[in-house]
Amino acid sequence: MARIDESLPFLPVNIAVLTISDSRTLADDKSGQRLQEMLIADGHSLAAREIVTDDGDKIIAALRKHVADPTVDVVITTGGTGVTGRDVTPEAFKQVMEKEIEGFGELFRWISYQKVGTSTIQSRAIGGVADGTYLFALPGSPSACKDGWEEILKYQLDSRHRPCNLVELMPRLKEHLKAAS
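A short tour of the structure in this document, coming up. Treat the numbers as computed from the prediction; the structure is a model and nothing was measured. Within each chain, residues carry numbers counting from 1 in the order of the written sequence. In keeping with the model being predicted, local features are shown solely for residues with a pLDDT of at least 70 and side-chain atom pairs are shown and tallied solely at 80 or more, while totals for entire chains, interfaces and linings include all residues. Only heavy atoms go into the side-chain values, all of them from the structure, while hydrogens and water stay out.

### Some points on the packing of aromatic side chains
The criterion, for reference: For Phe, Tyr and Trp, where Trp contributes only its six-membered ring, two rings pair if their centres lie within 6.5 Å, and the inter-plane angle classes them as stacked under 30 degrees, edge-to-face over 60, or tilted in between. Each helix corresponds to a stretch of at least 4 residues labelled H or I by DSSP, and each strand to a stretch of at least 2 residues labelled E; elements are numbered beginning at the N terminus. The buried label goes to any residue with under 20% of its type's maximum accessible area, the exposed label to any with over 50%, and the partly exposed label to all in between, with areas taken from a 1.4 Å probe on protein chains only.
Inspection of the entire model under this criterion finds two aromatic pairs. Ring centres of Phe 104 and Phe 136 lie 4.8 Å apart, and the angle between their planes is 55°; on these two criteria the pair is classed as tilted. Here Phe 104 is found in helix α4 (residues 102-116), whereas its partner Phe 136 is found in strand β7 (residues 133-138), with 32 residues between them in sequence. Assigned by exposure class, Phe 104 and Phe 136 land together as buried. According to the relative accessible area criterion, Phe 136 is buried, its value standing at 1%. These aromatic residues form a ring-pair network of at least three members: Phe 104, Tyr 134 and Phe 136.

This is how it looks when you write it as C-alpha cells:
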C-alpha cells in the first residue's frame, strides 16, 4: 500500500492554477481558490493563478506560457472538461502535451464514480507532460478539485510518497531532448 516515508525530505513544487471559464473571476472562482488553498496547505508554492476563457487557442497559449516558464513545475486547470460545445480543455491539452498520463483520468473517474456514480462519464479529466512540466485538467467544481488533489495529486506531487511519485521523475522528463542533441 502507498505511504508517505517521513524519513525522506519533502520537496515543494511550483504549481500554476488556471481556471477555464467564461463566467468566473478571481473574486468568485471557488475551484481555483480551493486548489490554491490545498496546495499551499500541503507545502507547495503557487507559481501563478489566472482565469482563461473557454477558448482552445487561449487555453493552449496559457499552457505553453507556463510550460515555457522554468519556475513552473506543474500546471493544474479546473473547468472545461465536460462534453458541451464550450468544453475544449482536453483538446487544448492534447495540442500541448508530449505524453499523456492516461492513468490520471482513469483514476480520477474511478474516484468520482464512488461519489457521483455514472455521472462520472461526463468528466474528461486528463493529465500529461509537456517539455518537463506536468499538466493536469480537473473538472470545474470545488468538490472535483478536492477529489483530484486529495486523492491523487497530493500524493503524486509529494516526493516522500512510496512506492513512487511524479516528483522523483522530474529530473528525467527531458531525457529525450538530451538524446536528440
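### Considering the pattern of salt bridges
Selection rule: By definition, a salt bridge exists where a carboxyl oxygen of Asp or Glu is found within 4 Å of a side-chain nitrogen of Lys or Arg.
Summed over all chains, the structure comprises twelve salt bridges. Residue Asp 131 is joined to Lys 174 by a salt bridge in which the shortest nitrogen-to-oxygen separation is 3.7 Å. Taken together, the residues Asp 131 in the loop between β6 (126-130) and β7 and Lys 174 in the loop between β8 (161-162) and α6 (175-180) connect sequence positions 43 residues apart. Given the relative accessible area of 27%, Asp 131 is considered partly exposed. For Lys 174, a relative accessible area of 38% puts it in the partly exposed group. When salt bridges with common partners are traced through the structure, they connect Glu 6, Asp 158 and Arg 160 into a single cluster.

### Digging into the packing of helix α2 (residues 56-68) against helix α3 (residues 89-96)
Put simply, the test is: In this analysis an axis means a line fitted to C-alpha atoms, helices contributing only their contacting stretch, and an angle means the value between N-to-C directions, from 0 to 180 degrees. Relative orientations are named as follows: roughly parallel for angles under 35 degrees, roughly antiparallel for angles over 145 degrees, roughly perpendicular for angles from 65 to 115 degrees, and oblique for any other angle. Take the far helix as the reference: if the near one is turned anticlockwise from it by less than a right angle, the crossing is left-handed, and if turned clockwise, right-handed. Only heavy atoms enter the contact rule, under which two residues are in contact if any of them lie within 4.5 Å. Under this grouping Gly is polar, as are all residues other than the nonpolar Ala, Val, Leu, Ile, Met, Phe, Trp, Tyr, Cys and Pro and the charged Asp, Glu, Lys and Arg.
Closest axis-to-axis distance for the α2/α3 pair is 9 Å, and the angle between their directions is 45°. Taken as axis vectors, α2 and α3 run oblique relative to one another. The chirality of how α2 crosses α3 is right-handed. Together, Gly 56, Ile 59, Ile 60, Leu 63, Arg 64 and Val 67 of α2 and Thr 89, Ala 92, Phe 93, Gln 95 and Val 96 of α3 make up the contact between the two elements. Its residues assigned to classes, the contact of α2 with α3 shows seven nonpolar, three polar and one charged.

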